[in-house]
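# Structure at a glance
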Amino acid sequence: MYLFISKKVHITNIKQFFYFSKRYLSIQQSAVQAYKNLFHSKYLFYTNTAIYISLCCTGDCIQQQLEKYLHNKNAPYNFKRTGCMLLYAIFAAPINHFWYIGLDKLIIKGSIHAIVGKKLLADQLVFAPFIIGYFFLMMGYLENQTMKETQEEIKEKALTVYLTDCCVWPPIQTINFYLIPSHMRLLYINVCTLCWNIFLSYSKHKERKLKGSIPQCVS
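One structure accompanies this document, and this report is about it. Not measured: the values here are computed from a predicted model. (Residues numbered from 1 in each chain as written. Predicted model: local features only at pLDDT ≥ 70, side-chain atom pairs only at ≥ 80, totals over all residues. Heavy atoms only, no water.)

Attention shifts here to the nonpolar core. Side chains that are nonpolar tend, in soluble globular proteins, to be buried together. The biggest cluster of nonpolar side chains holds 43 residues, and the ones touching the most others in it are Tyr52, Tyr88, Tyr100, Leu103, Ile132, Phe135 and Met139. Contributing elements (two or more residues each) for this core: helix 2 (44–70), helix 3 (79–106), helix 4 (112–142), helix 5 (147–179) and helix 6 (185–211). The greatest single-element share of this core, amounting to 14 residues, is contributed by helix 4. (Core = buried A, V, L, I, M, F, W, Y, C linked by side-chain atoms within 4.5 Å. Buried < 20%, exposed > 50% of the residue type's maximum accessible area, 1.4 Å probe, protein only. Helix = DSSP H or I, 4+ residues; strand = E, 2+ residues; numbered from the N terminus.)

With the rule as written, the count across this model stands at six salt bridges. Note that Asp60 is salt-bridged to Arg81, the shortest N-O span being 2.8 Å. One end of the pair, Asp60, is in helix 2; the other, Arg81, is in helix 3, with 21 residues separating them in the sequence. For the pair Asp60 and Arg81, a shared accessibility class is recorded, and that class is buried. A salt bridge links Arg81 to Glu67, with the nearest nitrogen and oxygen atoms 3.1 Å apart. With a gap of 14 residues between them, Arg81 in helix 3 and Glu67 in helix 2 connect regions that are remote in the sequence. Neither residue differs from the other here; Arg81 and Glu67 are each classed as buried. Through salt bridges with shared partners, a single ionic network connects Glu143, Glu153, Lys157 and Lys204. (Salt bridge = Lys/Arg side-chain N within 4 Å of Asp/Glu carboxyl O.)

Rendered as structure tokens:
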């Protein structure tokens, strides 16, 4: 009787093991399929846009926490400032997406080294100045700055941001163009952009932080 019960329990444990193994494999396969669907060309625009927007907001959130920790621990969180970053990201995400798609389609002639070199030059000489200027213009508008204030801010800060961009992004883009598959390229850039967005948020709001004023989004 005892032996019969032991065998029954043993068989039950084996069945449970196989059941949970199948469940685990099923969940794993579902996760892999969901990942493939997210980065399928059909949904890539929406995936990249969502990631870019979330990382822009996260970058500003991290920067605000750093400012709070370093300067004023009692300062309230500025949701309007993050809201402005969110609105900027909504418009900037498609620009980023189609820029890198366009690079892959337009720059295809020459050796791999020539192609990468052309893409790096295009990125630094064309896209970087444009997107930095676009950032300050859009954020200035969203934060209710006058055009004169925005122009002064661009004169004061844009060159420093661009020179920093020239130091940071070429190594990142070299890895991007040489090693990262085309369909994963913007995801890689977006992850790197998280740190860059922290720097952008700092650059945009450092003077305002010192003066103690609070940016207001367009209503």
